[in-house]
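What follows is each chain in one-letter form.
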Amino acid sequence: MFESLSDRLSGVFDRLTKQGALSEDDVKTALREVRVALLEADVSLPVARDFIKKVQEAATGQAVTKSVTPGQQVVKIVHDALVDVLTGEGEPGALKIDSPPAPILMVGLQGGGKTTTTAKLAKRLKEKDGKRVLMASLDIYRPAAMDQLAVLGTQVGVDTLPIVKGQKPADIAKRAKQQATMGGYDVYMLDTAGRLHIDEVLMGEVEEVSKIVDPRETLLVVDGLTGQVAVEVAQEFDDKVGISGVVLTRMDGDGRGGAALSMRAVTGKPIKFVGLGEKMDALETFEPDRIAGRILGMGDIVSLVEKAQETIEAEQAERMMKRFAKGQFNMNDLKMQLEQMIKMGGMQGIMGMMPGMKKMAKQAEASGMDDKVLKQQIALIQSMTKRERANPGLLQASRKKRIAAGAGMQVSDLNKLLKMQRQMSDMMKKMGKMGKGKMLKQAMGGMFGKGGGMPDMGGMDPSNMDPKALEAAAKAMGGKLPGGLGGPVGLPGGLSGFGKKK
């Protein structure tokens, strides 16, 4: 998401932060490049112009050019301006579903991902908000559209309105409203029909349904890859039907992301969610401050922590913490950590969300380090017997040959894995001894809602640190990712060379 824009902006700010002092001309030159980067990312011209004007007014004052770290000041001003451009009304992702049964109307053009997004949102409301949800398809035109929603409903465990052939969309909406009221549902979602372009028939149909159900939320689903067309579509729908928010889909693609930056500024409507893949859980709340942080390469620690919380149970974390505090860290524990890293988006995904680590993620990828490495390590662990996993000290020459052959790897690869396990075990023992395990408990407790918080870093807040300093610190750690992400999701030095592509 926003990768090309992020790359361009990081290049501009790298040059700014390297300079000791900044003149107004330096700032103006940098902002010209920022403007070009925004236009190339498909941000609309008026939005780019207003954005640069706002930043320039704040960035060319005495307070910036005379400050100790002028480059960092400019980055912060751009960050604040980005947050301002992206922020909509109300809490990010909050939906008005207070009076049951609350109707949510899903509208948009054909092929934008309405039906899939309806199911993703229904799953989210059911699992995160504990709501009883009913889904109904009003798409009587696209072949198998109703069946698709029924199949998705079965997948995510959400009820769908029984299909009655030959009914008009208005009649289906009335039936859905009746069923939701009688069945005691908190929310009912109506997936309307799309068209290849906006036409009067489509708008008339949506208006009729809207009058019948009086929706609490009308969410427009638009394809993020369509760029500025997405903003035009949003304006058309808002003028004719009135929308309360936008869901941008396919934001995991190679689109330039300009639609997201223009959407709120042009339409005045907030982006509620972004779709990041085909899987049913690939729907994220659009958090402006976090998105701005990602665009500027500042990382997104909060989302990383949330992903860790989603991928591991609190009870499991409690058990792990007790073992780690005693310095017990065997191959089963290592396998669990590697599998969790893959679930959280792999090495590149995790490093990309960490302050100052985005460039290191790209360097790791260029040097041949990818998620294939993690899968190969898991294969080596799976090639061991239960006894060997529990006690890696048993592994002598003959056993090593058997394990490496079973995983289709070399003995040298297994030796690197064993070295990595030993280093992580030593790290656990040290953390367990520090303040009688206080640091370990704090890290794990904060991660899984058991009290505490992130480990004390001597009063340092990573989000406010100089990205260069963070990158230097990460390099000094030997390229390790910090521990505490559901356990020590670290890459000790023993991993070096393991990921070279053969």
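Residues numbered from 1 in each chain as written. Predicted model: local features only at pLDDT ≥ 70, side-chain atom pairs only at ≥ 80, totals over all residues. Heavy atoms only, no water.

## Here's the deal with the overall build of the chain
(1) Moving on: Of regular secondary structure, the chain possesses 23 helices and eight strands.
(2) Moving on: Per-residue burial over the chain gives 51% buried out of 502 residues.
(3) Moving on: Within the chain, contacts between residues at least 6 apart in sequence are counted, and of these 74% link residues at least 24 apart.
(4) Moving on: Split by element, the accessible area of the chain, about 23100 Å² in all, is 52% carbon and sulfur. (Helix = DSSP H or I, 4+ residues; strand = E, 2+ residues; numbered from the N terminus. Buried < 20%, exposed > 50% of the residue type's maximum accessible area, 1.4 Å probe, protein only. Contact = heavy atoms within 4.5 Å. Areas by Shrake-Rupley, 256 points an atom, 1.4 Å probe, with all protein chains shown as cover.)

## Focus: the pairing of strand β6 (residues 245-249)
(1) Moving on: Across the five residues that make up β6, a large majority, five, are buried.
(2) Moving on: Burial of the side chains of β6 extends over both faces: G245, V247 and T249 are buried on one face and V246 and L248 on the other.
(3) Moving on: Handedness of the crossover is the feature at issue here: the chain leaves strand β5 (residues 217-223), passes through helix α10 (residues 228-240), returns alongside β6, and the resulting connection is right-handed.
(4) Moving on: Of the pairings in the sheet, the one linking β6 to strand β7 (residues 271-275) comprises three bridges and is parallel in character. Residue pairing across strands places L248 opposite V274, the latter belonging to β7. (Right-handed = clockwise from strand over helix to strand, strands pointing away. Pairing = 2+ DSSP bridges.)

## Some thoughts on unusual backbone geometry
(1) Moving on: The omega angle of the peptide bond from P100 to P101 is -10°, so this bond is cis rather than trans.
(2) Moving on: Relative to the elements of secondary structure, P101 occurs in the loop between α5 (70-86) and β1 (102-107).

## Overview of the environment of S137
(1) Moving on: Following the sequence through the fold, S137 ends up in strand β2 (residues 133-137).
(2) Moving on: Taking the C-alpha atoms as reference, S137 lies 8.7 Å from D147; in sequence the two are 10 residues apart.
(3) Moving on: Contact partners of S137, with chain neighbours within four places excluded, come to A145, M146, L149, I172 and D191.
(4) Moving on: From its side chain, S137 meets the backbone nitrogen of D139 in a polar contact 3.4 Å long. (Polar contact = N/O pair within 3.5 Å; in protein donor to acceptor, adjacent residues only side chain to side chain.)

## Details of the nonpolar core
Soluble globular proteins tend to pack their nonpolar side chains together in the buried interior.
(1) Moving on: Counting 73 residues, the largest nonpolar core has F13, F51, L190 and F237 as its most contacted members.
(2) Moving on: It is α5 that contributes the most residues to this core, nine residues altogether.
(3) Moving on: Apart from residues no more than four positions distant in its own chain, F13 is found in contact with V34, V74, V75, V78 and L296. (Core = buried A, V, L, I, M, F, W, Y, C linked by side-chain atoms within 4.5 Å.)

## So, helix α3 (residues 45-59)
(1) Moving on: An ideal rise of 1.5 Å per residue puts 21 Å on 15 residues; α3 measures up with 21 Å between its terminal C-alpha atoms.
(2) Moving on: Within α3, burial applies to V47, A48, F51, I52, V55 and A59. Seen along its axis, α3 keeps its buried residues to an arc of 125°; they face one direction. α3 presents D50, K53 and E57 as exposed residues on the side facing more than 90 degrees away from its buried surface. (Expected span 1.5 Å × (residues − 1). Arc of directions from axis to C-beta.)

## Topic: the UniProt feature "domain: SRP54-type proteins GTP-binding" (unreviewed entry) in the chain
(1) Moving on: Under the local residue numbering, the UniProt record ascribes the feature "domain: SRP54-type proteins GTP-binding" (unreviewed entry) to residues 270-283.
(2) Moving on: Summarising residues 270-283: 0% helix, 43% strand, and an end-to-end C-alpha distance of 16 Å. (UniProt positions renumbered as here; feature names shortened; annotations may be inferred.)

## A look at the pairing of strand β4 (residues 187-191)
(1) Moving on: In terms of burial, β4 is largely enclosed, as five of its five residues are buried.
(2) Moving on: Side chains V187, M189 and D191 project from β4 onto one buried face, and the interleaved Y188 and L190 project onto a second face that is buried too.
(3) Moving on: In this structure, β1 lies alongside β4, joined through five bridges in parallel fashion. Bridge assignment links P103 to a residue of β4, and that residue is Y188.
(4) Moving on: Sheet analysis places β2 next to β4, joined by five bridges and oriented parallel. Bridge assignment links S137 to a residue of β4, and that residue is D191.

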